[in-house]
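# Descriptive structure summary
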Amino acid sequence: MADDSKSLQTLLTTTDYRPPEGFAAFPTAIHHASTVLFRNVAALRARHWQDKTSYTYGLHGTPTTFTLEARLAEIEGGRHCLLAPSGLAAIAMIDLALLAAGDDLMVPDNVYNPNRELANWLQKDFGITARFYDPLVGEGIAELIRPNTKLIWTEAPGSVSMEVPDIPAICRAAKARGVPVALDNTWAAGLAFRAFDHGVDIVMQALTKYHSGGSDVLMGAVITADQALHRRIEMAHMRLGMGVSADDTYLVLRGLPTMKLRFDAHDAAARKVAAWLKARPEIAKVLHPAFDDCPGHAIWRRDFTGAGGLFSVLFHPQYAEEQTDSFIDSLKLFKIGYSWGGANSLAVPYRMASMRSRWDEAGQLVRLNIGLEDPDDLIADIAQALHSLA
Ligand SMILES: *Cc1c(COP(=O)(O)O)cnc(C)c1O
């Protein structure tokens, strides 16, 4: 568990990695290995792949990946961590570890779309039922849980439409029925929402976003506090061959000391841009958890300590998709692209009705990732692009 006597910023800058004697320095060494060598047959027979004080084969991890795992577990407030080659791979590893034919899976209707795609595949081809629930269901989830429900996914907030779920209420209901709750905690980066304190059993992170911060690495992580749960997911990690690159791991380690400074800068800039947008006549709603237009805003105020750089806006329904598309095309500083958490601002339109079982808003939704540019320049860019709506 995290050392509660240290602040997050100190944890992010501190490493337990021990370089070889006589070669002390701050960076973690990049250990490349597929084959690992043993002194003799007895040493080979004695070593176990789950023991992280030594290694047996590069696929199960190296000192580089074990160092990142230990640091992520500590930062997130858990005990165990497993790395995966992407955020989506981490999601798949959790599903495959905990679900079997005949089981039931519950996923919020606003979930990251590839998670939904996977759930639908599990339902179609693997004999698992996948049900999508209202992310604002809160305590009401108790009535939806079935005797064969084996996993409840949550995402806080949904990373496109931004509803903030009542995670403590969902976890209480799930715990009463013995069902583990997994949280996609990417939006808050493990910094602005302390998942284990709120009752979550499994945290998933797309390290691709804030942890990397460079828009250049794909990686995911699964963090747990419970040893038995960790062992089950570790079996899936091994059976699926979820190895990650040592060089990519190094890049993520290199980003950690600045992660909170970056996150806080994204947060301040995003709130400034969102406040400006909220006063604009073209915008119907600012879907940013720190603003009262956003469903679940009161829960965000209760449970979160920050917001990062990702939010969405809904244009007034009078603007057709061609007009909001031309708004995005007219942006100069904002680039058009998926993903987020990097230094550059991004804009992406989403066709919400095709992504949801239920979507009641009429206007076009555009998601913004606020990067590390000066927010006044970003506001000027949006102001000039809004002329294209006329
Ligand atoms: C990006 C993202 C993922 C998946 O991460 P990848 O590394 O791109 O596979 C999962 N959840 C959320 C909320 C994301 O934004």
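Structure shown above.
Residues numbered from 1 in each chain as written. Predicted model: local features only at pLDDT ≥ 70, side-chain atom pairs only at ≥ 80, totals over all residues. Heavy atoms only, no water.

### Observations regarding the environment of Phe-26
- The topology assignment puts Phe-26 in the loop between α1 (8–13) and α2 (41–46).
- In the structure, Phe-26 is positioned 109 residues away from Pro-135 in sequence and 43 Å away in space, judged by C-alpha atoms. (Helix = DSSP H or I, 4+ residues; strand = E, 2+ residues; numbered from the N terminus.)

### Structural notes on the site of the ligand
- The full set close to the ligand counts 13 residues, and Gly-87, Leu-88, Asp-184, Thr-208 and Lys-209 are the nearest of them.
- The backbone of Leu-88 places a nitrogen or oxygen atom 2.9 Å from an oxygen atom of the ligand.
- Asp-184 is positioned such that a nitrogen or oxygen atom in its side chain is 2.6 Å from a nitrogen atom of the ligand.
- For the ligand, whose accessible area on its own is 380 Å², the fraction buried by protein is 92%.
- Taken together, the residues that form the shell around the ligand break down as 6 nonpolar, 4 polar and 3 charged. (Near = heavy atom within 4 Å. Polar contact = N/O pair within 3.5 Å; in protein donor to acceptor, adjacent residues only side chain to side chain. Areas by Shrake-Rupley, 256 points an atom, 1.4 Å probe, with all protein chains shown as cover. Nonpolar A, V, L, I, M, F, W, Y, C, P; charged D, E, K, R; others polar.)

### Quick word on the environment of Leu-218
- Structurally, Leu-218 is set in the loop between β6 (202–206) and β7 (220–224).
- Sequence spacing of Leu-218 and Pro-317 is 99 residues, and the spatial spacing of their C-alpha atoms is 36 Å.
- Here Leu-218 is in contact with Pro-85, Ser-86, Thr-208 and Asp-248, once residues within four sequence places are set aside. (Contact = heavy atoms within 4.5 Å.)

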